[in-house]
Amino acid sequence: MEPVNTDILRLATIGSVDDGKSTLIGRLLVDTRQLFDDQLDAVVNASERRGVGDLDLSFVTDGLRAEREQGITIDVAYRYASTPDRKFIIADCPGHVQYTRNMATGASTADLALVVVDVAHGLKEQTRRHLCIAALLGVRGLVVAVNKMDAVHWSSAAFQSVVDEVETVSSELGFESITCVPTSALLGDNVVDASDHTPWYHGPTVLGALESSDAGAWSNATNGPRLPIQWVLRQPGGGRTYAGMVNGDTLHSGDVVTLLPAGIETTITALNTLHSGADTQAGAGLSIDVALADETDAGRGDLLARAPLPRVTRDVTATVCWFGERPLTTGSRLRLKHTTRVTPARIVALDGVVDVSTLTVHDGDELRTNDIGLVQLQTADPLVVDDYRDNRVTGSFVLIDEVTNATVAAGMVGRAAFL
Amino acid sequence: MTLTPLRPQTTTDHLSLLESHAVYILREVAAECERPVLLFSGGKDSAVLLHLAVKAFAPGRLPFPVMHVDTGQNFPEVLTFRDQTVANLGARLLVASVQDAIDRGRVADPGPHGARNRLQTVALLDAIVEHGFDAAFGGARRDEDKARAKERILSFRDAFGQWDPRQQRPELWQLYQGRVNAGEHLRAFPLSDWTELDIWQYIEREHVALPPIYFAHERDVVRRDAMWLAVNEFIQPRPGEHVERRLVRYRTVGDATCTGAVESDAVTVDAIVREVATANVSERGATRADDRFSETAMEDRKREGYF
Ligand SMILES: Nc1nc2c(ncn2[C@@H]2O[C@H](COP(=O)(O)OP(=O)(O)O)[C@@H](O)[C@H]2O)c(=O)[nH]1
Ligand SMILES: [Mg+2]
């Protein structure tokens, strides 16, 4: 068979309610003919039955009964599209503030954020909140659809004023790549096909911008390879290999690595990938298993790393997005999952609460649902961490309610540069 | 405005990334849950899932049993394939039987030709309770249906087995956390991000064995509900329908009373990959009567505890 050589770009839509995120994704899928005939028929039928016109494109992703009844997005929908050399995994996120946890779910694995802004309204507080969360989550590239251009007579001045706002916020938040596109998701202008209504615009369409974005952005890391151990595989004859997914730089057979938190230096004597078996190297995102030169008691929760090494610590300074129903306060006890380790944790200090509209930090005694705060945590077992900005895997954790087992917070080790 | 777009980089191919992600999920859930089980129907998605599970724990044995939720209305080729596959692996096969549930009076008998798809939920949930499973791996994919498109990779089920789409747990990064209280359980979907085409490309790359009904063959069929249904002990021609012999294959394999065949001359995996890449109708749209009851048929079944 021909070698399959496509990469994967993961993107998440962000922005305020009703600015057109779901419609834009529907448009993108319809105009690239990624929807099957029966799926398109079903959307047409549902549109008619709910009295919303011939074809409500938001129904392509808003698939739940309640979403269609209320005309809103409640939870993330994942959709898939492909071009000859790229597979797209699209997370269409909800805009409402009470569903921020779902937006964070969609954005946490995204290489890129597709921001949708209603040109007539500019950046709303909710859009700023989403941009702030996306920046915290380490998204560095934005494609901004300045949408509903049809409603402002395709005014280049209206477009430019949103672009200016986006530029101001983005430079504060530190996004590295921004492409603003004037669109009408409703009519299809500049989504897949270039528009006749915007002769003053010379940039790419939304699809064009997505096709030229960096597909590996999520796993970009600025430090050495890390292999959190998930599972110990017993080999015939008595040896063991250690299985996990590589992150950070590429790991090689022969690398000198340190087993953490124990701090034992050893060498990788064999490296197996799922596809090739014995191999010489494996990059980020590959599940592998490795054999070590020395006898160790390595197991799940431990981590193999090559220099520069992560820190071993029980005291973590972090930024958290709080999703719990009850407030988070100093003294709160939770479980914490970091890489493949779960340990009890306690909040020892709340250093501040982030105001997402001004991007300033103020004092506070508690984090309420959907607040973002700066905290200090102590864990029962040592963690092996990098700062989140250096590595999204070893820098991230979730907090778990001890009674309900619900996931109640997304945590990032260290402070974002803009806070 | 365009600031420097980030450099496009050539990365690992998509099948290797999907494979690695699925294996990662299998290992996380196996490590965090006490009693997982892998649901295996003998269909292509569950064959791929089982293949991945074997790879995840090789050279060790599967650290969980395999369970078939059996409607009692099967394609015989699929049952043969199921038994052979499980025997070759030395895995432990459990069968949760819809017939049993009917005999025990847990569900009403839909009659000899009635669809039993929805009844699978009861058999599945009863088996989960009986065996004390706290996690069940399934081969569902998000591209199959708009309700599945909304579901987390680790999908929490309450003590009644129900899915609440309004109250899903946040699922951040790849920090899959599988803790549940007694009586609750998880469904884990390692193939969530795979499309039908990815599945077939992977089957081709890995030489995953499948039941023969996935490949084009001649069969007696009747046209019903815009599908070709195989004539067998469950499906007999109704007045006005006539039996035809056609070259067909199956795109999905489910209950024999409601799974339709598609016309195809694809006898090799390579030919199927090409066929799937250019298909105009979705696999469930083409072949599943059970999804046609209403706009939200899948969501309604999932809320009750369906796969
Ligand atoms: N005039 C106009 N309306 C639009 C456009 N895009 C979306 N809409 C409408 O805006 C409303 C909200 O769209 P939706 O996609 O659900 O927004 P979301 O909440 O961001 O997902 C719907 O009524 C759409 O038809 C556009 O480009 N022009
Ligand atoms: Mg929406």
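Predicted, not measured: the structure shown is a model, and the values here were computed from it.

The rules behind each value
Residues numbered from 1 in each chain as written. Chains lettered and ligands numbered in written order. Predicted model: local features only at pLDDT ≥ 70, side-chain atom pairs only at ≥ 80, totals over all residues. Heavy atoms only, no water. Helix = DSSP H or I, 4+ residues; strand = E, 2+ residues; numbered from the N terminus. Contact = heavy atoms within 4.5 Å. Areas by Shrake-Rupley, 256 points an atom, 1.4 Å probe, with all protein chains shown as cover. Domains from an automatic or database assignment. Buried area = accessible area lost by both parts, 1.4 Å probe. Salt bridge = Lys/Arg side-chain N within 4 Å of Asp/Glu carboxyl O. Nonpolar A, V, L, I, M, F, W, Y, C, P; charged D, E, K, R; others polar. Buried < 20%, exposed > 50% of the residue type's maximum accessible area, 1.4 Å probe, protein only. Polar contact = N/O pair within 3.5 Å; in protein donor to acceptor, adjacent residues only side chain to side chain. Near = heavy atom within 4 Å. Donors = N, O, S within 2.8 Å, 3.2 Å for Na, K, Ca; no water. Disulfide = S-S within 2.5 Å. Pairing = 2+ DSSP bridges. Axes fitted to C-alpha atoms, helices over the stretch in contact; angles between N-to-C directions. Parallel < 35°, antiparallel > 145°, perpendicular 65-115°, else oblique.

**Student:** What is the right way to read the overall build of chain B from this model?
**Tutor:** Counting its regular elements, chain B contains 9 helices and 10 strands. Based on the C-alpha atoms only, the size of chain B along its principal axes is roughly 60 × 50 × 45 Å. Look at the contacts in chain B between residues 6 or more apart in sequence, and 72% of them connect residues 24 or more apart. Accessible surface for chain B amounts to roughly 11,500 Å². Of this, 51% is attributable to carbon and sulfur atoms.

**Student:** Help me out: how do you make sense of the domain arrangement of chain B in this one?
**Tutor:** Note on interface size: it is often stated as the accessible area lost on association of the parts. All names here are of chain B. You can read the domains of chain B as domain 1 (14-197 + 297-304) and domain 2 (209-291). A straight line from the C-alpha centre of domain 1 to that of domain 2 covers 24 Å. At the interface, 26 residues of domain 1 touch 26 residues of domain 2. Buried surface at the junction of domain 1 and domain 2, both sides included, amounts to about 2,200 Å², of which 58% is carbon and sulfur. Counting the contacts that link domain 1 with domain 2 gives 2 salt bridges. Looking at the side of domain 1 that touches domain 2, the elements that each hand over two or more residues are helix 2 (44-57), helix 3 (76-89), helix 6 (196-206) and helix 9 (297-304). Split by residue class, the side of domain 1 that touches domain 2 holds 8 nonpolar, 9 polar and 9 charged.

**Student:** What am I meant to see in the side chain of Ser264(B) here?
**Tutor:** Residues and elements named next belong to chain B. Structurally, the position occupied by serine 264 is in the loop between strand 10 (261-263) and helix 7 (269-277). A residue is classified by how much of its surface remains accessible, and serine 264, at 7% relative accessible area, is buried. Only 2.6 Å separates the side chain of serine 264 from the side chain of glutamate 275, close enough to count as a polar contact. Excluding residues within four positions of it along the chain, serine 264 makes contact with Ala216, Leu247, Val248, Arg249 and Glu275.

**Student:** What is the right way to look at the domain arrangement of chain A in this model?
**Tutor:** All names here are of chain A. By the assigned domains, chain A splits into domain 1 (7-217), domain 2 (226-305) and domain 3 (311-413). Averaged C-alpha coordinates put domain 2 and domain 3 at centres separated by 29 Å. If you look at the interface, domain 2 gives 12 residues, while domain 3 gives 11 residues. Together domain 2 and domain 3 conceal approximately 940 Å² of surface at their shared face, both sides included; 59% is due to carbon and sulfur atoms. At the surface where domain 2 touches domain 3, the tally comes to 2 salt bridges.

**Student:** Please explain the site of ligand 1 as it appears in this structure.
**Tutor:** Residues and elements named next belong to chain A. Near ligand 1 there are 16 residues, and of these Asp18, Lys21, Thr23, Asp150 and Ala185 occur at the shortest range. Within the side chain of threonine 23, one N or O atom sits 2.5 Å away from an oxygen atom of ligand 1. Between ligand 1 and the protein, one listed contact pairs an oxygen atom with a side-chain N or O atom of lysine 148 at 3.0 Å. Starting from 580 Å² of accessible surface for ligand 1 in isolation, the protein chains cover 80%. Sorting elements by how many residues they give to the shell around ligand 1 places helix 1 (residues 21-31) first, with 3 residues. Among the residues forming the shell around ligand 1, the class breakdown is 3 nonpolar, 8 polar and 5 charged.

**Student:** Sorry if this is basic, but what is going on with the coordination of the magnesium ion (ligand 2) here?
**Tutor:** Each pair of donors in an ideal four-coordinate tetrahedral metal site encloses 109.5 degrees, whereas pairs in an ideal six-coordinate octahedral site enclose 90 or 180 degrees. All names here are of chain A. Here the magnesium ion (ligand 2) is held by the protein donor atoms Ser22 (OG) and Thr73 (OG1), which lie 2.1 Å from it. Remark: threonine 73 occurs in the loop between helix 3 (65-70) and strand 2 (77-83) and serine 22 occurs in helix 1; sequence separation between them is 51 residues. In this pair, the class of serine 22 matches that of threonine 73, namely buried.

**Student:** Teacher, can you tell me more about the state of the cysteines here?
**Tutor:** Cysteine pairs can be linked by a disulfide, which is a covalent bond between their two sulfur atoms. Residue and element names in this part refer to chain A. Under the counting rule described, the total for this entry stands at 0 disulfides over all chains. The thiol of cysteine 132 is not disulfide-bonded; the next cysteine sulfur, from cysteine 321, is found 7.8 Å away. By relative accessible area, which is 1% here, cysteine 132 ends up buried.

**Student:** I would appreciate a short explanation of helix 9 of chain B in the present structure.
**Tutor:** Residues and elements named next belong to chain B. Burial within helix 9 is extensive, with 6 of its 8 residues counted as buried. Within helix 9, burial applies to Ala297, Met298, Glu299, Asp300, Arg301 and Lys302. With its phi angle positive at about 120°, glycine 305 sits one or two positions after the end of helix 9.

**Student:** Sorry, what's going on with the sheet that holds strand 6 (residues 177-182) of chain A here?
**Tutor:** Residue and element names in this part refer to chain A. A sheet is described by the order of its strands in space; here 6 strands give the open sequence 2-3-1-4-5-6, paired in mixed fashion. At either margin of the open sheet sits one strand with a lone partner, and together these are strand 2 and strand 6. Sheet twist, expressed as the mean angle between neighbouring strand axes with direction ignored, is 20°. Sheet topology note: the strand 4 (residues 112-118)/strand 5 (residues 141-147) ladder contains 7 bridges and is parallel. When the sheet's bridge partners are listed, valine 117 is paired in strand 5 with valine 146.

**Student:** Which parts of the structure should I look at to understand the packing of helix 1 (residues 14-32) of chain B against helix 6 of chain B?
**Tutor:** Packed helices, taken two at a time, are described by the angle their axes make and the gap between the axes. Residue and element names in this part refer to chain B. Between helix 1 and helix 6, whose axes approach to 11 Å, the crossing angle comes to 95°. As summarised for this structure, helix 1 and helix 6 are arranged roughly perpendicular, according to the angle between their axes. Here His14, Leu15, Ser16, Leu18 and Glu19 of helix 1 come into contact with helix 6, specifically with Asp198, Gln201, Tyr202, Arg205 and Glu206. The class makeup of the residues in the contact of helix 1 with helix 6 is 3 nonpolar, 3 polar and 4 charged.

**Student:** For this particular structure, what's the right way to read unusual backbone geometry?
**Tutor:** A negative phi angle is the norm for most residues apart from glycine, just as the trans form is the norm for most peptide bonds. Cis geometry marks the peptide bond from Ala307(A) to Pro308(A); its omega dihedral reads 0°. Topologically, Pro308(A) is positioned in the loop between strand 16 (303-305) and strand 17 (311-322). With an omega of 5°, the peptide bond running from Ala58(B) to Pro59(B) counts as cis. Considering the arrangement of structural elements, one finds Pro59(B) in the loop between helix 2 and strand 2 (66-70). Positioned with a positive phi, Leu359(A) is a non-glycine residue whose angle comes to about 55°.

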